[in-house]
Amino acid sequence: MMKSKVVKVAAAALVAVTLSSQAAAAIGGVRVQAEEVDFTKAASVSQAVVADEFTQDDYTKSQVELLISQIVADSVQSEEIDDVSYTYEDLYYSPENKAGYVIDFKYGESCGYIIMLVGDNAATPAEIVLDSQSPYCGKSGTYLYPAQGNHFIMTENGDVVEALQYTAVSNKPQNVVMMSVIEGKTEPAVYDYYYNDIGSFKQYKIPNFYCEYSTNYRDADGNKVNRTPQPNNCANIAGVIALNYWNKYFDNDLLKLNIEQVINSNDPAINRSMKWDIAYSYADIFYNYMNTNKWIGDFVDDWITSLFTDDKYGGTHPENCYAGFERLIHEKGYKTQRVYTNSYEHIKLCIMCNIPVFITAVNYYLGYLNDYRYMNYLQYQGKYRTGLETAHTFIAYGYKEYELYDKDKNLITLNYLQVADGWGGAQYFIMDKSQVISSAAIQVYKTTLSRC
């Protein structure tokens, strides 16, 4: 177990700032006395640094949880921890200027904290501390963070004191969030629906969509080969699946493959798709373009980078997945428009417009539908995967919707997204029971963006 390790993440922000005629504060962690700090000046400089240097990451709630999960997973190593939780409180550069959040987390008997700075639709961790509560934890007052490594509290009577020296306990309830377990677990998920009547049934899938590319390598004809795949390559395969679709959509004008590089089949979903060896050559390109297994390495030191570059807990940050996919499309002379999809209905609309959607999820359901209409019986048979280790990226390209009435005439509404699972086939994703980290529809076009 690592003890009291402090990671100062915002290395790019190590610039000196004159705060007053009496003293200077360095964003990199020089401690100053509260009475010497010009909080307004410090706020303006810190906000500028965040806006200029940290515009690539957009930390959603789920991504913050993944960051905590990475830290905990590295710390506990072989131990199994089920009780992971965190609290979050607002953090300010000055009383009028919000800086971000201080996030205290607990796992087992240990704890730690992250200070997350937010600015201009971007966010970055400024401090990560292991095995210690934050100086603010549980204390009353307004939490001030004028510069990196400087923690102050403004009390109710307006005094500004160092947070470590302040002892007044807050009586307001904390924002406690329980997290999922760290280690990956998979368990069966079977749902049986017996009904008396169907109110409605709707379905749609993007025409001629090929979904059979897999994270396990195969030869040109799709036969399994003895080659170890790149670790954590699901986002790269998702990119290949989307790339293949758009190349077929534009009648091979995107990739300009020759006749020997595509599959010839009577099945329109398969016909003109990339042969598997060509597909994997693009998967290898995406592995680099998407920064797989090094998704926050540009911002952090070697220790924290290692959390995102090992084979077990590494992966592809969703933003890097989108950017890497778009980079290759742009290199081929085409353009893209990215739209973030924040609901089932939004994803459904994109699919109806024949635009496949990238989805990255954790704690999710993937499975198969058995529709026994003649028996008034619908079964969902799949698996529920939990924990960071099982986080997965896939492509949604269809949907099915049921409105069923049970024997008591109660309405049961069921919505499923049909996805290319990245493991060589299609499954149904239950979005309303799963935790989506990020999802985006990326439309590819040549000169004019089509509207549906």
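As shown above, the structure is provided for reference.
A.B. asks: Any details on the overall build of the chain? Residues and values, ideally.
C.D. replies: Secondary structure assignment for the chain yields 7 helices and 21 strands. A separation threshold of at least 6 residues defines the contact pool for the chain, and within that pool the share at least 24 residues apart is 68%. Surface summary for the chain: the accessible area is close to 20400 Å², and the carbon and sulfur share equals 46%.

A.B. asks: Provide a residue-level description of the pattern of salt bridges, including the pertinent values.
C.D. replies: A side chain with one charge can pair with a side chain of the opposite charge if their charged atoms come near. Per the stated rule, a full pass over the model turns up 10 salt bridges. Lys 98 is the partner of Asp 90 in a salt bridge, and the nearest nitrogen-oxygen pair spans 3.1 Å. Looking at Lys 98, the relative accessible area reads 35%, which means it is partly exposed. Asp 253 serves as the salt-bridge partner of Lys 446, at 3.9 Å between the closest nitrogen and oxygen. Placement of Lys 446 in the segment after β21 (435-445) and of Asp 253 in the loop between α3 (234-249) and α4 (276-289) is noted, with a sequence separation of 193 residues between them. Linked through salt bridges whose partners overlap, the residues forming this network are Asp 253, Lys 256 and Lys 446.

A.B. asks: For the state of the cysteines, give the residues involved together with the corresponding values.
C.D. replies: According to the stated counting rule, one finds 0 disulfides in the structure shown. Sulfur of Cys 321: no disulfide; nearest cysteine sulfur belongs to Cys 234 and is 8.3 Å away. Cys 321 gets classed as buried once you look at its relative accessible area, which sits at 1%.

A.B. asks: Break down unusual backbone geometry for me, with residues and values.
C.D. replies: For residues other than glycine, phi is negative in most cases, and the peptide bonds are mostly trans. Phi at Asn 291 is positive, roughly 55 degrees, even though this residue is not glycine. Its place among the elements puts Asn 291 in the loop between α4 and α5 (302-307). We note that Asn 363 has phi near 55 degrees; this positive angle belongs to a residue other than glycine. Note that Asn 363 resides in the loop between β15 (357-362) and β16 (364-372).

A.B. asks: An account of a nonpolar patch on the surface is needed here, citing residue identities and associated values.
C.D. replies: A surface patch of nonpolar side chains, about 240 Å² in accessible area, is lined by Tyr 88, Tyr 101 and Val 118. If you trace the backbone, Tyr 101 turns up in strand β5 (residues 97-107).

A.B. asks: Pulling in residues and values, what's your account of the packing of α3 against α4?
C.D. replies: At a closest axis distance of 8 Å, the pairing of α3 and α4 adopts a crossing angle of 125 degrees. Classified by the angle between their axes, α3 and α4 sit oblique to one another. Taken as a pair, α3 and α4 cross one another with a handedness that is right-handed. For the pair α3 and α4, the contacting residues are Asn 236, Ile 237, Gly 239, Val 240 and Leu 243 in the first and Ala 279, Tyr 280, Tyr 282, Ala 283, Phe 286 and Tyr 287 in the second. Partitioning the contact of α3 with α4 into residue classes produces 9 nonpolar, 2 polar and no charged.

A.B. asks: Which residues make up the nonpolar core, and what values do they have?
C.D. replies: The biggest cluster of nonpolar side chains holds 62 residues, and the ones touching the most others in it are Leu 243, Met 274, Phe 325, Leu 417 and Phe 429. The element best represented in this core is α3, accounting for 9 residues. The residues contacting Phe 325, other than those within four sequence positions of it, are Gly 239, Ala 242, Leu 243, Trp 246, Phe 286, Met 290, Phe 358, Ile 442 and Val 444.

A.B. asks: Please set out α3 residue by residue, giving values where relevant.
C.D. replies: What sets the pattern is the α-helix's 3.6 residues per turn: residues three or four places apart point alike. Taking 1.5 Å as the rise per residue, α3 with 16 residues should run 22 Å; its terminal C-alpha atoms sit 23 Å apart, in good agreement. Counting buried positions over the 16 residues of α3 gives 15, a clear majority of the element. Just downstream of α3 lies Asp 251, where phi reads positive at about 55 degrees.

A.B. asks: Please set out the packing of α3 against helix α6 (residues 318-331) residue by residue, giving values where relevant.
C.D. replies: If you want to describe how two helices pack, look at the angle between their axes and the distance between the axes. In the contact formed by α3 and α6, the axes pass within 10 Å of each other and the chain directions differ by 40 degrees. Crossing angle aside, the handedness with which α3 passes α6 is right-handed. Where α3 approaches α6, its residues Ala 235, Gly 239, Ala 242, Leu 243 and Trp 246 are matched on the opposing element by Cys 321, Phe 325, Leu 328 and Ile 329. Looking at the contact of α3 with α6, its residues break down into 8 nonpolar, 1 polar and no charged.

Conventions adopted
Residues numbered from 1 in each chain as written. Predicted model: local features only at pLDDT ≥ 70, side-chain atom pairs only at ≥ 80, totals over all residues. Heavy atoms only, no water. Helix = DSSP H or I, 4+ residues; strand = E, 2+ residues; numbered from the N terminus. Contact = heavy atoms within 4.5 Å. Areas by Shrake-Rupley, 256 points an atom, 1.4 Å probe, with all protein chains shown as cover. Salt bridge = Lys/Arg side-chain N within 4 Å of Asp/Glu carboxyl O. Buried < 20%, exposed > 50% of the residue type's maximum accessible area, 1.4 Å probe, protein only. Disulfide = S-S within 2.5 Å. Patch = residues over 30% accessible without salt bridge, like charges linked within 9 Å, V, L, I, M, F, W, Y side chains within 5 Å. Axes fitted to C-alpha atoms, helices over the stretch in contact; angles between N-to-C directions. Parallel < 35°, antiparallel > 145°, perpendicular 65-115°, else oblique. Left-handed = near helix turned anticlockwise from the far one by under 90°. Nonpolar A, V, L, I, M, F, W, Y, C, P; charged D, E, K, R; others polar. Core = buried A, V, L, I, M, F, W, Y, C linked by side-chain atoms within 4.5 Å. Expected span 1.5 Å × (residues − 1).

Keep in mind these numbers describe shape, not what the thing actually does.
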